[in-house]
Amino acid sequence: MRILFVADVIGSPGRKVAKGLLRLVKKETRADAVVLNGENSAGGFGITPEIVHEFLEMGVDVITTGNHVWDKIKELEPVLKDGKLPIIRPANYPPGNPGRGSVVVTVGGVRLGVMNLQGRTFMPPIDDPFRGADVLLAELKGQADVVVVDFHAEATSEKQAFARYLDGRVAAVVGTHTHVQTADERVLPRGTAFITDLGLTGGLDGIIGMKWEISLERQLTQTRGERMQPADGDLHLQGAVVEVDPASGKARSIERVSVPYARALEGMFGKQRT
């Protein structure tokens, strides 16, 4: 089984990239399933029910999120409460919040369990993701043949520690949130594929997916100033592909993905454009 993880989709530029490239990348990577992080897909902050349906129509199997899932909560809450669509949020937020932290979907006869947890270092103070993962794994026992995790966290050390904690118990731990693709993809000793951060799907000419001019001004003035806006230049779809043995539930390989939107234009117009 091959699983394509799509990095955090940033606003309308990121959605355009996903729409233009997802099917192509899925075909070229021979992926059976697609897991996409959509927490920044609505203007860079949050996700709406309309965008959830948009991703599912593109062929996404599971949508994961992170701390920004609450930014459009008035719109999204009915979808999270209903639980019928395969969108999940970090499981280790305190009890009483809408939504669930894991889901199981069947792809090609394989039961794929996807978990979503959030780190605590340099992040809002929430419940322990390590013990939270133990709880989710106990709940998924017997329900999933393969389990993968989107760990939404800031600190590289926490992401690496989390992957080591789950090594051999899940097929993959992929990091999201920091929007800068790392070059440390590997399969850990007990069979868990890991990458510190998948990167972003959107404009690489910005600063972590947002227009660099606004971000730079904030750094210089140390005030909030103009609202952040998604970058729309040097568009890419980033992420990783993990090959898993369904019999053992462990990873065989992991490979980074970074595809320019020009590939989509090449397919649409018969030649590459920039």
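Draft legend 1. Main features of the nonpolar core. Among the nonpolar cores identified, the biggest contains 35 residues, and Leu4, Val6, Leu21, Ile47, Phe55, Leu76 and Ile87 are the most heavily contacted of them. Elements that contribute at least two residues to this core include exactly strand 1 (2–6), helix 1 (11–28), strand 3 (33–37), helix 2 (49–58), helix 3 (73–82), strand 12 (235–245), strand 13 (250–260) and helix 7 (262–269). Per element, the largest residue contribution to this core is five residues, and it comes from helix 1. Counting 27 residues, the second-largest nonpolar core is a separate cluster that includes Ile3, Val103, Val148 and Val174.

Draft legend 2. Structural view of the pattern of salt bridges. Throughout the structure, instances matching the rule amount to 13 salt bridges. The partner of Lys159 in a salt bridge is Asp197, with the nearest N and O atoms 2.9 Å apart. With Lys159 in helix 5 (residues 156–166) and Asp197 in the loop between strand 10 (193–195) and strand 11 (200–203), this residue pair connects regions lying 38 residues apart in the sequence. Considered together, Lys159 and Asp197 belong to a single accessibility category, that of buried residues. Across the salt bridge formed by Asp184 and Arg186, the nearest N and O atoms sit 3.7 Å from each other. Three or more residues are tied together by salt bridges with common partners; here these are Arg2, Glu243, Asp245 and Arg252.

Draft legend 3. Region of interest: the pairing of strand 1. Counting buried residues along strand 1, five of its five residues qualify, which places the element largely inside the surrounding structure. On strand 1, burial covers both faces: Arg2, Leu4 and Val6 on one face and Ile3 and Phe5 on the other are all buried. Bridge analysis of strand 1 against strand 12 gives five bridges, and the strand direction is antiparallel. Looking at strand 12, one finds that Val6 is bridged to Gly239.

Draft legend 4. The arrangement of the sheet that holds strand 6 (residues 110–118) in detail. Read from one edge of the open sheet, six strands run 5-6-7-8-10-9, paired in mixed fashion. The sheet terminates laterally at strand 5 (102–107) and strand 9 (186–187), the two strands that pair on one side only. Here strand 5 pairs with strand 6 via six bridges, running antiparallel. Bridged to Val105 within strand 6 is Leu112.

Draft legend 5. Spatial organisation of a negative patch on the surface. On the surface, Asp205, Glu213, Asp232 and Asp234 cluster together to form a negatively charged patch. Tracing the sequence through the fold places Asp234 in the loop between helix 6 (212–221) and strand 12.

Draft legend 6. Molecular detail of the pairing of strand 8 (residues 172–176). Of all five residues in strand 8, five are buried, a share of seventy percent or more. Residues Ala172, Val174 and Thr176 point to one face of strand 8 and Val173 and Gly175 to the other, with burial holding for every one of them. Where strand 7 (residues 146–152) meets strand 8, five bridges bridge the pair, whose relative direction is parallel. In the strand pairing of strand 8, Phe151 is matched with Gly175. After leaving strand 7, the chain enters helix 5 and then returns to the sheet as strand 8, a path that is right-handed. The pairing of strand 8 with strand 10 spans three bridges and is parallel. Counted as the bridge partner of Val173 is Phe194 from strand 10.

Draft legend 7. Structural detail: a nonpolar patch on the surface. Taken together, the side chains of Val180, Ile207, Ile208, Trp212, Leu216 and Leu220 present a nonpolar region at the surface, about 570 Å² in accessible area. Tracing the backbone shows Ile207 in the loop between strand 11 and helix 6.

Draft legend 8. Structural view of the packing of aromatic side chains. For the structure on display, the rule yields four aromatic pairs. Between Phe130 and Phe162, the ring centres sit 5.5 Å apart and the planes meet at 70°, which makes this aromatic pair edge-to-face. A residue pair is termed long-range when its members are at least 10 positions apart, and Phe130 in helix 4 (residues 129–140) and Phe162 in helix 5 qualify at 32 residues. The residues Phe130 and Phe162 share a single accessibility class, namely buried. With centroids separated by 3.9 Å and ring planes inclined at 10°, the aromatic side chains of Phe151 and Phe162 adopt a geometry described as stacked. Pair noted here: Phe151 is in strand 7 and Phe162 is in helix 5, with a separation of eleven residues, a long-range link. By relative accessible area, which is 0% here, Phe151 ends up buried. Taking the relative accessible area as the measure of exposure, Phe162 reaches 0% and is therefore buried.

Draft legend 9. Fine view of the environment of Ile10. Along the polypeptide, Ile10 turns up in the loop between strand 2 (8–9) and helix 1. On the basis of relative accessibility, which here comes to 0%, the residue Ile10 falls in the buried class. Spatially, the C-alpha atom of Ile10 lies 15 Å from that of Val259, the residues being 249 residues apart in sequence. If sequence neighbours within four positions are ignored, Ile10 has contacts with Asn40, His179, Leu200, Thr201, Gly209, Met210 and Pro230.

Cut-offs and rules
- Residue numbers restart at each chain and count upward from 1, following the sequence in its written direction.
- For this predicted model, a pLDDT threshold of at least 70 governs which residues receive local features, and a threshold of 80 or more governs which side-chain atom pairs are given and counted, while totals over whole chains, interfaces and linings are taken from all residues.
- Heavy atoms throughout the structure, all of them, feed into the side-chain values; hydrogens and water do not.
- Side-chain atoms within 4.5 Å link the members of a nonpolar core, which is a set of buried Ala, Val, Leu, Ile, Met, Phe, Trp, Tyr and Cys residues.
- Buried means the residue's accessible area, taken with a 1.4 Å probe over protein chains only, is under 20% of the maximum for its type, while exposed means over 50%, and partly exposed covers the values in between.
- Under the scheme used here, helices are H or I runs from DSSP no shorter than 4 residues and strands are E runs no shorter than 2 residues, and both carry numbers assigned from the N terminus.
- Here, a salt bridge means any Lys or Arg side-chain nitrogen found within 4 Å of an Asp or Glu carboxyl oxygen.
- We call two strands paired when DSSP finds no fewer than two bridges between them.
- Within this analysis, patches are made of residues with over 30% relative accessible area and no salt bridge. Like charges are joined at 9 Å or less; nonpolar side chains (Val, Leu, Ile, Met, Phe, Trp, Tyr) at 5 Å or less.
- Surface exposure here means Shrake-Rupley accessible area, sampled with a 1.4 Å probe, where a residue is shielded only by the protein chains that are shown.
- Residues counted as positive are Lys and Arg, residues counted as negative are Asp and Glu, and His and the chain ends are not counted.
- Throughout, a charge is located at the NZ atom of Lys, the CZ atom of Arg, the CG atom of Asp or the CD atom of Glu.
- By definition, the crossover connecting two strands over a helix is right-handed if that path, from the first strand to the second, turns clockwise as seen with the strands pointing away from the viewer.
- The pairing test for Phe, Tyr and Trp rings, Trp by its six-membered ring, is centres within 6.5 Å, and the orientation test on the planes gives stacked under 30 degrees, edge-to-face over 60, and tilted for anything in between.
- Two residues form a contact once any of their heavy atoms are found within 4.5 Å.

Structural measurements only, silent on function.
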